Amino acid sequence: MPIPEHRFDKPHPRTACVALNDGSVFFGTGFGAVGTSVGELCFNTSMTGYQEIMTDPSYAGQIVTFTFPHIGIVGANAEDEESPSPVAAGMITKCVPGRASNWRAAEDLSCWLAKRNQIGVGGLDTRRLTREIRRQGAPHAAIAHDPGGELHPDDLVERARQFAGLTGADLASKISAKDSYGWTGSVWNWPEGYSMGPSAKYKVAAVDYGAKRNILRCLASHGCEVRVFPAVATAEEILSSRPDGLFLSNGPGDPAATGKFAVPMIRHVLEKSSIPVFGICLGHQMLALALGAATMKMNHGHHGANHPVLDKATRKVEITAMNHGFAVDSRTLPAGVSETHVSLFDGSNCGIQMDERPVFSVQFHPEASPGPQDSQYHFRCFVDAMSERLKSNRI
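Fair warning: this is a prediction, and the values are worked out from it, not measured in the lab.

1. Here's the deal with the nonpolar core
Link 1 in the chain: Core analysis: the largest hydrophobic core is formed by 33 residues, its most contacted members being Tyr209, Ile238, Leu246, Leu248, Met265, Ile266 and Leu287.
Link 2 in the chain: Only strand E9 (202-208), helix H7 (235-239), strand E11 (245-248), helix H8 (255-272), helix H9 (282-290) and strand E16 (349-354) provide two or more residues apiece to this core.
Link 3 in the chain: Contacts of Met265, omitting those with residues within four sequence positions, involve Val207, Tyr209, Ala233, Thr234, Ala235, Ile238 and Leu248.
Link 4 in the chain: Formed by 26 residues, the second largest nonpolar core is a distinct cluster that contains Tyr202, Ala206, Phe247 and Phe360.

2. Here we look at the sheet that holds strand E15 (residues 337-343)
Link 1 in the chain: Read from one edge of the open sheet, 10 strands run E8-E10-E9-E11-E12-E17-E16-E15-E13-E14, paired in mixed fashion. A strand with exactly one partner marks an edge of an open sheet, and here the two such strands are strand E8 (181-183) and strand E14 (317-329). Strand after strand, the sheet turns through a mean of 25 degrees between neighbouring axes, direction not considered.
Link 2 in the chain: Relative to strand E17 (residues 359-362), E16 runs antiparallel, the two sharing 3 bridges. Residue Gln353 lies in a different strand from E17, and its bridge partner there is Phe360.
Link 3 in the chain: Those strands touched by helix H10 (residues 377-392) are E9, strand E10 (224-230), E11, strand E12 (277-280), strand E13 (294-311), E14, E15 and E17, and its axis lies near 130 degrees from that of E9.

3. Observations regarding the packing of H8 against H9
Link 1 in the chain: Remark: H8 packs on H9, axes separated minimally by 8 Å, with the N-to-C direction vectors making an angle of 65 degrees. Judged on the interaxial angle alone, H9 and H8 are roughly perpendicular. For the crossing formed where H8 meets H9, the hand is right-handed. Contacts between H8 and H9 involve Pro255, Ala256, Thr258, Gly259, Ala262, Val263, Ile266, Arg267 and Leu270 from the first element and Leu282, Gln285, Met286, Leu287, Leu289 and Ala290 from the second.
Link 2 in the chain: Looking at the contact of H8 with H9 residue by residue, the classes come out as 11 nonpolar, 3 polar and 1 charged.

4. Some thoughts on the environment of Phe43
Link 1 in the chain: Position of Phe43 relative to the elements: it lies in strand E3 (residues 35-44).
Link 2 in the chain: Residues Phe43 and Gly301, spaced 258 residues apart in sequence, show a C-alpha to C-alpha distance of 8.8 Å.
Link 3 in the chain: Apart from the residues lying within four places of it in its own chain, the contact partners of Phe43 are Thr65, Thr67, Thr130, Ile133, Arg134, His300 and His303.

5. Structural notes on the packing of aromatic side chains
Link 1 in the chain: Within the structure shown, the criterion is met by 4 aromatic pairs.
Link 2 in the chain: By way of ring pairs, the aromatic residues Phe247, Phe278, Phe360, Phe379 and Phe382 are connected into one cluster.
Link 3 in the chain: One cation-aromatic arrangement involves Arg14 over Phe27; the distance from NZ or CZ to the ring centre is 3.8 Å.
Link 4 in the chain: Between the NZ or CZ atom of Lys297 and the centre of the ring of Phe326, over which it lies, the distance is 5.2 Å.

Quick notes on the rules
Residues numbered from 1 in each chain as written. Predicted model: local features only at pLDDT ≥ 70, side-chain atom pairs only at ≥ 80, totals over all residues. Heavy atoms only, no water. Core = buried A, V, L, I, M, F, W, Y, C linked by side-chain atoms within 4.5 Å. Buried < 20%, exposed > 50% of the residue type's maximum accessible area, 1.4 Å probe, protein only. Helix = DSSP H or I, 4+ residues; strand = E, 2+ residues; numbered from the N terminus. Contact = heavy atoms within 4.5 Å. Pairing = 2+ DSSP bridges. Axes fitted to C-alpha atoms, helices over the stretch in contact; angles between N-to-C directions. Parallel < 35°, antiparallel > 145°, perpendicular 65-115°, else oblique. Left-handed = near helix turned anticlockwise from the far one by under 90°. Nonpolar A, V, L, I, M, F, W, Y, C, P; charged D, E, K, R; others polar. Phe/Tyr/Trp six-rings, centres within 6.5 Å; stacked < 30°, edge-to-face > 60°. Lys NZ or Arg CZ within 6 Å of the ring centre and 35° of its normal.

Following this line, the structure appears as structure tokens:
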């Protein structure tokens, strides 16, 4: 598909449309790819990191409305991509992105989206759209971009109504790696950028439900030799690699659906070994299901980089990044499993831990930097747990 030419010095034409399943229609200016797309509509409150958001595998099946008005200012570059292929179903912005102005920019946001077949719609009242998302509870939506302005809102409304939604959908197995692979490389540092991690001391088996690259970088930066396994990997395959720890990654979709194959694997690992287990986001939900808890669909989810979370043990507040539309129901946590973190926005569960074992998980993303590093210590806790186990020479 050819990349459309964008003229930033001309008035923005009406070349795009957003339609919701309740019949609401919003017109704007298209950028990025030409075509149509459907998905669950969510909003994200982050002021930065739009490129990471659009390539975060957790956003599969979702169209992202950015509440911050100026998106695209710093352009795009290959270093800030969290996955090798397009993920989010589209993006909606207040202002139509202009020319990039940043020393790291390799291209404008519109061109970057077009190359990845991701549609953008700008010029909308994103405040109103956000209120609709809160009122309706993550509505289904269809978006279209046509440079000639040939838009068909009635057809888009029907497409939005036909969208199956994320409830009951296992998306993790569809976007996960198909084969296992090793990961090396450290987090980005000024001024050299990405580099090799320190010498590895611990072997970590990371299950890819839609893993962000920066999570793997953080593990490597803490001295982990990371082996990434597909979402459908068995406990036997994972344990045969003789890992010192098991990591459960973030990912998209309904945790109950993914849990049908993930939960038996996690339970088997917990029964057959004493290795520490650490989960993030969907990995947190998978661990909770494996331990006997339940998950539930949220009204509009938590998406953004400014979410305050309370650590119940220390009473400290962490400013975290979040991206989830499902949550663990803390009322269903079994005996022997404690709630460690809660959201200060709505009191929803944000962390759990087994009382007698180094098995824990969090609903937020400690690899992101909104605090900027309030929650990075979770990686250190995981590494410390592996170190303690190796010292005790347990199986």
